[in-house]
Amino acid sequence: MGPRSRQRRAGAVQSTNDSSALSKSSLAARGYVHDTFAALLVPGTARRAPLIHRGYYVRARAVRHCVRAFLERACAAPGAPRAQILSLGAGSDSLYFRLKAAGRLSGAAVWEVDFPDVARRKAERIRETPELCALTGPFQSGDQASSLCLESSDYHILGLDLRQLERLDQALTAAGLGQAAPTLLLAEAVLTYLEPDNAAALIAWAAQRFPNALFVIYEQMRPHDTFGLFMQQHFQQLNSPLHGLDRFPDVESQQHRFLQAGWAACRAMDMNEFYRCFLPAEERRRMENLEPFDEFEEWHLKCAHYFILAASKGDTLSQILVHSSPELFPRVDPASPSGILLANVATSDSQSPSFKRYGHASVLLSPGILSAGGFGEQEGRHCRMSKFHFLSRYCDLEWKGKQIGSWGTEAQWDGRLYQTMTRLSDTQVLVLGGRLSPVTPAMEILQLSFCKSEDDSTEDVSIMVTKASTEEDSTLSCWRHSTTEVSYENQKYLFVYGGRSVAEPVLSDWHFLHVESMTWVRVPVEGDTPEGRHSHSACSWQGGVLIAGGLGASEEPLSSVVFLEPITCGFLWKSVDVQPPITPRYSHTAHVLNEKLLLVGGVWIHSSSVPGVTVIDLTTGLSSEYQIDTTCVSWPLMLHNHTSILLPEEQQLLLLGGGGNCFSFGTYFNPHIVTLDLSSLSAGR
């Protein structure tokens, strides 16, 4: 790489600091963390989305946890030498000012290192801000030729390139950073921007220079699944690629990396584990209620792709159990795969418009498959979808899709997400629930009627939207629920279960809708009520309903499978014993095929693998796992917030849509419809 390329790359990396600083300022402004200094260190303001706030919140809490553990240990003994905090790639971070204002630097000092331009800009900002100068106390400023940009009795800012270790070592020594004193090295999303050899040299240098030290890093991992690939693509487009992820893709390899470099002990965990195990339940509830939020899949995936690591050495700091917790985060890895299911692209650009949407609903009608709602790409922009998608098969071989509009004199399609759609007849669909925003439920029950042209072809079709009831109905104000057809006293009912609402983050109630009269009725249900959930799956089976997984209270994925069994006087809740137990999951789809329950895709946080298809034999209760082979799919397949349609005669499953807003990296959509070959599941019947 030439000098100009390195300069451009450095500039791109520095721009990530500016974006991060604005996010931290927005985080504090919304009350996630207490930080009155973040806004003083960055010019301008920006209001970030709730998903960004959550991501930066868990990062801030993890770093705070490690810093406090270090200071409590290093400064505990009377007469202990002054502790040292060395923040590498510190950028515009406010750590020094927060610690100083909280009285935590009486026995410690802070050194910060970043690119010269970043360091000088921060020093200038401090000099211009009286509130910051009041905390630093008297300070000196270095000249343009010096790497030292600002120096006070307990605060030092240096402009240096972390790749130039000899110069770094000399400058830190000149700035008073000792070798023997307890030292915390902190690198938040820093090493990953260095070439692997440069990062390895920095880790080894720190191990050699500081005999009594703690090295804490926060970085990305899991580069090879769909979220990881999209994450890498984002940073590549910013000209600041993530280095070393292929060599160190998970927490185990990252721990080994530090141990091999001379660190005595090391522990790392992903941010889902840190959030669950190290933050009190009361604090989690406070954070979760700060803003309306409905992007759980992306929140959990973001946390699964970042980790916090603490490596230690020395008599004092090697005893710090930075990551010890009374809370256990059980790993529930799925069983070894029993087989592979082949995925193929069902439609392509030459056959159909792209199917880019998630949070939608799909239903099989006699003319084809109708999908509605969700968030997606329409007319070149990302928005709530106003058009329907119709998928039909030509010559019993080729699937072709098209976008179609709707009309209606008394109702219009309102662009809702996370609704359910149920087939009423060959050409009619009932739409229940959904939301227009995280604080606005879609209250009207709608009926969609499929209208063909006079020649009965599917080339010219439209959807008529009508209200299913002329009366106001406040029974359903939920989304992420399920609707399943059941039979009671020889009458057809729709069983609506679970979901979430504006008032309740998770619902455990249910309703029965009598289809013929379109009225809500009471039907007796016995047995222990299952725990509340949303984003679960529900399938009709033996006149009742099989419910699996979902996201429960405290935003915890569930592994339970329950059956609403028909009995003489109504229904009975029964627990289904599954062995081995399934990995807790949600945002999946499910179908029953040949007395087997198939759980397709979804999100889980208790395993580092990617959900495929879990198959539960409903006769024996035995579960098995199948991987999805995407070799024939030319783009990464993200299987959550999708829909699926079972074609039992063809032994196929159609996967429609899916994806999500991938943190600050952008929104990912599966572009086309995919088929999944299920023939191997029935081979051993």
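Check the entry above for the structure.
Residues numbered from 1 in each chain as written. Predicted model: local features only at pLDDT ≥ 70, side-chain atom pairs only at ≥ 80, totals over all residues. Heavy atoms only, no water.

(A) Local environment of the overall build of the protein. Per the secondary structure count, the protein includes 13 helices and 41 strands. A principal-axis box enclosing the C-alpha atoms of the protein has dimensions of 85 × 50 × 45 Å. When burial is assessed residue by residue, the protein has 57% of its 685 residues classed as buried. Considering only intrachain contacts with a sequence separation of at least 6, the fraction spanning at least 24 residues in the protein is 66%. Looking at the protein as shown, the accessible area adds up to about 27,800 Å², and 48% of this sits on carbon and sulfur atoms. A gap of 8 Å separates the mean positions of the 59 positive and 73 negative side-chain charges of the protein. (Helix = DSSP H or I, 4+ residues; strand = E, 2+ residues; numbered from the N terminus. Buried < 20%, exposed > 50% of the residue type's maximum accessible area, 1.4 Å probe, protein only. Contact = heavy atoms within 4.5 Å. Areas by Shrake-Rupley, 256 points an atom, 1.4 Å probe, with all protein chains shown as cover. Lys, Arg positive; Asp, Glu negative; His and termini not counted. Charge placed at Lys NZ, Arg CZ, Asp CG, Glu CD.)

(B) Summary view of the sheet that holds strand β7 (residues 265-270). Spatial ordering of the open sheet is given by β3-β4-β2-β1-β5-β6-β8-β7, a layout of 8 strands whose pairing is mixed. In this open sheet, the two edge strands, each paired with only one partner strand, are β3 (148-151) and β7. Going from strand to strand, the sheet's axes swing by 15° on average, the running direction of each strand aside. Relative to strand β2 (residues 108-114), strand β1 (residues 83-88) runs parallel, the two being bridged by 6 bridges. By the bridge assignment, L86 is partnered in β2 with W111. (Pairing = 2+ DSSP bridges. Axes fitted to C-alpha atoms, helices over the stretch in contact; angles between N-to-C directions.)

(C) Spatial organisation of the packing of helix α2 (residues 50-74) against helix α10 (residues 271-278). It is at 10 Å that the axes of α2 and α10 come closest, and there the two elements cross at 65°. In terms of orientation, α2 lies roughly perpendicular with respect to α10. Note on packing geometry: the crossing formed by α2 with α10 is left-handed. Seen from α2, the contacting residues are Y57, V58, R59, R61, A62 and H65; seen from α10, they are M271, F274, Y275 and F278. (Parallel < 35°, antiparallel > 145°, perpendicular 65-115°, else oblique. Left-handed = near helix turned anticlockwise from the far one by under 90°.)

(D) Here's a closer look at the sheet that holds strand β14 (residues 381-384). Spatially, the 3 strands line up as an open sheet ordered β10-β13-β14, and their pairing is antiparallel. Edge positions in the open sheet fall to β10 (357-358) and β14, since each of these has one partner strand only.

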